[in-house]
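Residues per chain are reported as follows:
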Amino acid sequence: MQGFTIWLTGLSGAGKTTIGQAVARELQFQSYRVTTLDGDVMRQTLCRDLGFSRSDRQENIRRIGSLARTLTSQGEIVVVCAISPYRLQRDAMRHWIKDFIEVYVNAPLVVCEKRDVKGLYKKVRSGEIKNFTGIDETYEAPIHPEVECQTDCETLEKSVTKVLAKVKELGYC
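Quick look at the structure, then. (Residues numbered from 1 in each chain as written. Predicted model: local features only at pLDDT ≥ 70, side-chain atom pairs only at ≥ 80, totals over all residues. Heavy atoms only, no water.)

As for the nonpolar core
Point 1. Ile6, Leu8, Ile19, Val23, Val103 and Val163 are the most contacted members of the largest nonpolar core, which has 31 residues in total.
Point 2. At the level of secondary structure, the elements contributing two or more residues to this core comprise β1 (4-9), α1 (16-29), β3 (77-81), β4 (100-106), α6 (120-125), β5 (147-150) and α7 (156-169).
Point 3. In terms of residue count, α1 provides more of this core than any other element does, five residues in total.
Point 4. Not counting residues up to four positions away in its chain, the partners in contact with Val23 are Ile6, Val160, Val163 and Leu164.
Point 5. Judged by nonpolar contacts, the second largest core, of 13 residues, contains Met42, Ile61, Val80 and Phe100. (Core = buried A, V, L, I, M, F, W, Y, C linked by side-chain atoms within 4.5 Å. Buried < 20%, exposed > 50% of the residue type's maximum accessible area, 1.4 Å probe, protein only. Helix = DSSP H or I, 4+ residues; strand = E, 2+ residues; numbered from the N terminus. Contact = heavy atoms within 4.5 Å.)

Details of the pairing of β1
Point 1. For β1, the tally of buried residues reaches six of six residues, placing the bulk of the element in the interior.
Point 2. On β1, burial covers both faces: Phe4, Ile6 and Leu8 on one face and Thr5, Trp7 and Thr9 on the other are all buried.

Describing α7
Point 1. Taking 1.5 Å as the rise per residue, α7 with 14 residues should run 20 Å; its terminal C-alpha atoms sit 20 Å apart, in good agreement.
Point 2. Along α7, the residues classified as buried are Ser159, Val160, Val163, Leu164, Lys166 and Val167. All buried residues of α7 lie within an arc of 155° about the axis, which places them on one face of the element. Residues of α7 that are exposed and point more than 90 degrees away from the buried face comprise Glu157, Thr161, Lys168 and Glu169.
Point 3. Of the surrounding secondary structure, the elements contacted by the buried residues of α7 are β1, α1, β4 and β5.
Point 4. Immediately beyond the C-terminal end of α7, within one or two residues, lies Gly171, with a positive phi of roughly 80°. (Expected span 1.5 Å × (residues − 1). Arc of directions from axis to C-beta.)

What about the pairing of β3?
When a strand is regular, its side chains alternate between the sheet's two faces.
Point 1. Where burial is concerned, most of β3 is hidden: five out of the five residues are buried.
Point 2. Residues Ile77, Val79 and Cys81 point to one face of β3 and Val78 and Val80 to the other, with burial holding for every one of them.
Point 3. Across five bridges, the pairing between β1 and β3 is parallel. Bridging from a neighbouring strand, Trp7 pairs with Val80 of β3.
Point 4. For strand β2 (residues 34-38) and β3, the ladder comprises five bridges, and the chain directions are parallel. Residue pairing across strands places Thr36 opposite Val79, the latter belonging to β3. (Pairing = 2+ DSSP bridges.)

Rendered as structure tokens:
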């Protein structure tokens, strides 16, 4: 089995983790080995020493990418769910990992704010949090992702189906 990485990128609250977990479950159901690397979990473990400066954000993605690359090279399917705000760095991960599918989890900022399951946007708007991606820190949307999931107007099932169809089309499964 050839390993590959599915890299989900988008704003906080766009639906990266929800889609990523559903894709991982379906692949596991099909008897594939899958590891999910969630940005929030990674920040609590492997990257807990990092803040939210530009250089810390880049280091966070470098570490996640390094782990994804290692697992991918060992034949694992890796599902990364991380904001990954910088296009140049995502492109670097694509070249570094090689077998890489970029999924843009696209939802308008207003929709992400309404979802706000973590309460982060409220904290940003009240001034408790600074340098928040999509508000006062840059998010560079992908230009040519392999898949775009528009979570404000499509169901979870449709998004998952699109990702899995691309995986099959590219010959990974």
